[in-house]
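Residues per chain, in single letters:
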Amino acid sequence: EAPGEKFNYASTNTFVLSYAMQKYVEKKEGKGTYYWDLVRENVLKPINAESLALQHTEEIDGSKGIPLLAWGAFPTIDETAKIASLLLNEGRHRGKQLLHGGKIREALNRTEWTGYPATHGRDYNHSFWSHNISSANCDLKVSYMEGYGGNYVTFLPSNVILIRFMDENDYYIDPLVHAVEKIKTSCK
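Now for a description of the structure that goes with this document. (Residues numbered from 1 in each chain as written. Predicted model: local features only at pLDDT ≥ 70, side-chain atom pairs only at ≥ 80, totals over all residues. Heavy atoms only, no water.)

1. A closer look at the overall build of the chain
How we decide: Helix and strand assignments come from DSSP, with helices taken as H or I runs of at least 4 residues and strands as E runs of at least 2, each series counted from the N terminus. For every residue, the accessible area (1.4 Å probe, protein chains only) is compared with the maximum for its type, and the residue is labelled buried under 20%, exposed over 50%, or partly exposed between those bounds. It only takes one pair of heavy atoms within 4.5 Å for two residues to be counted as in contact. Per-residue and other accessible areas follow the Shrake-Rupley method at a 1.4 Å probe size, with only the shown protein chains counted as cover for residues.
Counting its regular elements, the chain contains 5 helices and 10 strands. With respect to the principal axes defined by its C-alpha atoms, the chain has extents near 55 × 45 × 35 Å. The buried share of the chain, reckoned over its 188 residues, is 38%. Taking all contacts inside the chain whose residues are at least 6 apart in sequence as the whole, residues at least 24 apart take part in 38%. Just so you have it, the chain exposes about 11,500 Å², and 53% of that area is on carbon and sulfur atoms.

2. Looking at the state of the cysteines
Stated formally: The disulfide criterion is simple: two cysteine sulfur atoms within 2.5 Å.
Evaluated as defined, the whole model comprises 1 disulfide. Paired through a disulfide, Cys-138 and Cys-187 show a sulfur-sulfur distance of 1.9 Å. Here the S-S torsion is close to -85°, and the disulfide linking Cys-138 with Cys-187 is therefore left-handed. On the criterion of sequence distance, the pair formed by Cys-138 in the loop between strand S7 (128-134) and strand S8 (139-147) and Cys-187 in the segment after helix H5 (174-183) is long-range, its members being 49 residues apart. We classify Cys-187 as buried; its relative accessible area is 17%.

3. Regarding helix H1 (residues 11-29)
A turn of α-helix holds 3.6 residues, and therefore any two residues three or four places apart point the same way. The line we're drawing: One fewer than the residue count of a helix, multiplied by 1.5 Å, yields its expected span. Working definition: the arc comes from the directions between the helix axis and the C-beta atoms, pointing outward to the latter.
For H1, with 19 residues, the first-to-last C-alpha span of 27 Å sits near the 27 Å given by 1.5 Å per residue. Those residues of H1 lying buried are Thr-14, Ser-18, Gln-22, Val-25 and Glu-26. Projected onto a plane normal to the axis of H1, the buried residues spread over an arc of 125° and lie on a single side. Facing away from the buried side of H1, by more than 90 degrees, are the exposed residues Thr-12, Tyr-24, Lys-27 and Lys-28. The inward-facing, buried residues of H1 contact helix H2 (35-44).

4. Observations concerning the nonpolar core
Selection rule: Among buried residues, the Ala, Val, Leu, Ile, Met, Phe, Trp, Tyr and Cys ones that are joined through side-chain atoms within 4.5 Å form a nonpolar core.
Formed by 16 residues in total, the largest nonpolar core has its most connected members in Trp-129, Val-142, Tyr-144, Leu-156, Leu-162, Ile-173 and Val-177. Sorting the residues of this core by element identifies S7, S8 and H5 as the ones contributing at least two each. Broken down by element, the residue count for this core peaks at 3 residues, all from S8. Residue contacts for Val-177: discarding those within four places in its chain leaves Ile-133, Leu-140, Val-142, Leu-156 and Leu-162. Counting residues in each nonpolar core, the second largest holds 11 residues, with Val-43, Ile-47, Ala-49 and Leu-86 among its members.

5. Re the sheet that holds S8
Formally: At least two bridges found by DSSP between two strands is the condition for calling them paired.
Overall, antiparallel pairing links the 6 strands, which are arranged S5-S6-S7-S8-S9-S10 in an open sheet. This sheet does not close on itself; its edge strands, each paired only once, are strand S5 (116-117) and strand S10 (161-164). As paired elements, strand S9 (residues 151-155) and S10 share 4 bridges and run antiparallel to each other. Its bridge partner lying in S10, Phe-155 is registered against Ile-161.

6. Regarding the environment of Asp-174
Note that Asp-174 resides in helix H5. Asp-174 gets classed as buried once you look at its relative accessible area, which sits at 12%. As a C-alpha pair, Asp-174 and Asn-8 span 166 residues in sequence and 23 Å in three-dimensional space.

7. Digging into the pattern of salt bridges
The following threshold applies: For this analysis, a salt bridge means a side-chain nitrogen from Lys or Arg found within 4 Å of a carboxyl oxygen belonging to Asp or Glu.
Per the stated rule, a full pass over the model turns up 11 salt bridges. A salt bridge links Glu-41 to Lys-45; its shortest N-O distance comes to 3.7 Å. Accessibility expressed as a relative area gives 43% for Lys-45, which makes it partly exposed. Several salt bridges share partner residues, and in doing so they unite Glu-90, Arg-92, Arg-105 and Arg-110 into one network.

Encoded structure:
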């Protein structure tokens, strides 16, 4: 398909993006400047999540590697909650804009843009998946980050964040969303 017509997820593309970001930062800031150091200093440190463990490439010369990004993030529950809160607040922390608010609104389905159609009735929005879930009272569009084994950070329209860490390969979050919707509905 032509660009923008259909989305096909491939972790290789995510790594290529990481490599491209590194080269872009080096061009703008000089050799030896690592984009992940900038992310850590300017985004993660202000929210007290700078210890986030992230897998990088191993370089033959011993220099810093490039983050894989497609996998290999090992956040604690505390770091996950802090990052999710930053995203829920559209990139603002204590009155300071740390991330691009417009792109986060798109990722969380808070704009007219619906993302790129993907497989299994899902859409892909700036590294977030989304799909429609029918609750007892209305239909919801739920945005989420998904990790290996069935790990999820899910953003409901009611501003509730669901965090689920597991290793049972359960990729069906609808029952969890239904249970939360009975407590605090996203329906207006």
